[in-house]
Amino acid sequence: MIALDVLGVNGALSEGKNTSLVVWENPQNGLLLDCGSTVFQDVLQKRMVEHINTVFISHRHQDHIGSLETLLEYRWLVLQKKTAVLGAITSDILTDLLGDEWSLYAELLTDMPQYTLIPTTHSPRMPSTGLFTHGVLYSGDTNASLLNTPSAQKAHVIFHDTALQTNPSHCSLAALAEAPLEIRQKTYLIHYRATDYETLRCKANELDFAGVATTDMHLTIPRSAY
Ligand SMILES: [Zn+2]
């Protein structure tokens, strides 16, 4: 059984916690999906930080990477644990965050058959990527739907960036609604403005999405599903 905790669901220009999830392969081995400014204090207070051995970064905006430096420092300096990182993260970014000795803190994963990276389009000249792993598809931020990808077919559950209106940086609900019913039924909408929640919830219901993700939501995925 894979467990999944939603830490936050909101976008950068909104009140609420930054969009972030933890996928638990087991209670001692968590994969953090994005580490925005609100995330480190949250995983520290929830006593999750020592078990988050791997961090995926979708792109370099602060609501996705803002507390990665503190998380890597805490795990190395306090817990003596090195953290694996992957996604839209490079040795140059790690050097910016932690200096030339970044490899003390972090191991950069590059060849990883269990992780499928899906390039996305979000912000000009900024690399960005979604992730499919353990039956979970996470879009990160993207202005184009990933619901038409092979990973969406294979996924047991999908968390997809959403905007109520057409938007140059984020995928509109109308674009997501073009996906087939069986894809919509396993897709949770995420990364929205807190003030849009009620409208999104009604539309998600009308359009047969799984729902709108909420902070502290908890899901499990049977191993047979991936
Ligand atoms: Zn972004």
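The structure under discussion appears in the preceding block.
Reading the values: rules and limits
Residues numbered from 1 in each chain as written. Predicted model: local features only at pLDDT ≥ 70, side-chain atom pairs only at ≥ 80, totals over all residues. Heavy atoms only, no water. Donors = N, O, S within 2.8 Å, 3.2 Å for Na, K, Ca; no water. Tetrahedral: all angles 85-135°; square planar, octahedral: opposite > 155°, others 65-115°. Helix = DSSP H or I, 4+ residues; strand = E, 2+ residues; numbered from the N terminus. Buried < 20%, exposed > 50% of the residue type's maximum accessible area, 1.4 Å probe, protein only. Pairing = 2+ DSSP bridges. Polar contact = N/O pair within 3.5 Å; in protein donor to acceptor, adjacent residues only side chain to side chain. Contact = heavy atoms within 4.5 Å.

Caption draft 1: Representation of the coordination of the zinc ion. With distances of 2.1 to 2.4 Å, the protein atoms coordinating the zinc ion are His59 (NE2), His61 (ND1), His122 (NE2) and Asp141 (OD). One can describe the donor arrangement at the zinc ion as irregular, given that its four donor atoms subtend angles of 90 to 175 degrees at the metal. Linear spacing of the donor residues for the zinc ion on their chain is H-x1-H-x60-H-x18-D. One end of the pair, His59, is in the loop between β4 (52–57) and α2 (62–65); the other, His122, is in the loop between β7 (116–119) and β8 (129–133), with 63 residues separating them in the sequence. Residue His59 is classed as buried on the basis of its relative accessible area, which comes to 0%.

Caption draft 2: The arrangement of the pairing of strand β3 (residues 29–33) in detail. Within β3, four of the five residues are buried, leaving the element largely enclosed by the surrounding structure. Summarising the sheet, strand β2 (residues 20–26) and β3 pair through five bridges and their orientation is antiparallel. Across the sheet, residue Asn26 finds its bridge partner in β3, namely Asn29. Connecting β2 to the antiparallel partner β3 that follows it, the hairpin turn spans two residues. The pairing of β3 with β4 spans four bridges and is classified as parallel. Counterpart to Leu32 in the pairing with β4 is Val55.

Caption draft 3: Layout of the side chain of His160. Tracing the backbone through its elements, the reader meets His160 in strand β10 (residues 157–161). Given the relative accessible area of 0%, His160 is considered buried. One polar contact links the side chain of His160 to the main-chain amide nitrogen of Leu146, over a distance of 2.9 Å. Excluding residues that lie within four positions of it along the chain, His160 makes contacts with Ser139, Thr142, Ala144, Ser145, Leu146, Leu147, Cys171, Leu176, Thr187, Tyr188, Leu189 and Ile190.

Caption draft 4: Local environment of the sheet that holds β10. Strand order in the open sheet formed by six strands is β7-β8-β9-β10-β11-β12, with mixed pairing between adjacent strands. Bordering the open sheet on either side are β7 and β12 (211–212), each of which pairs with just one other strand. For β8 and strand β9 (residues 136–138), the ladder comprises three bridges, and the chain directions are antiparallel. Within β9, the residue paired with Thr133 across the bridge is Val136.

Read these as geometric descriptors, not functional statements.
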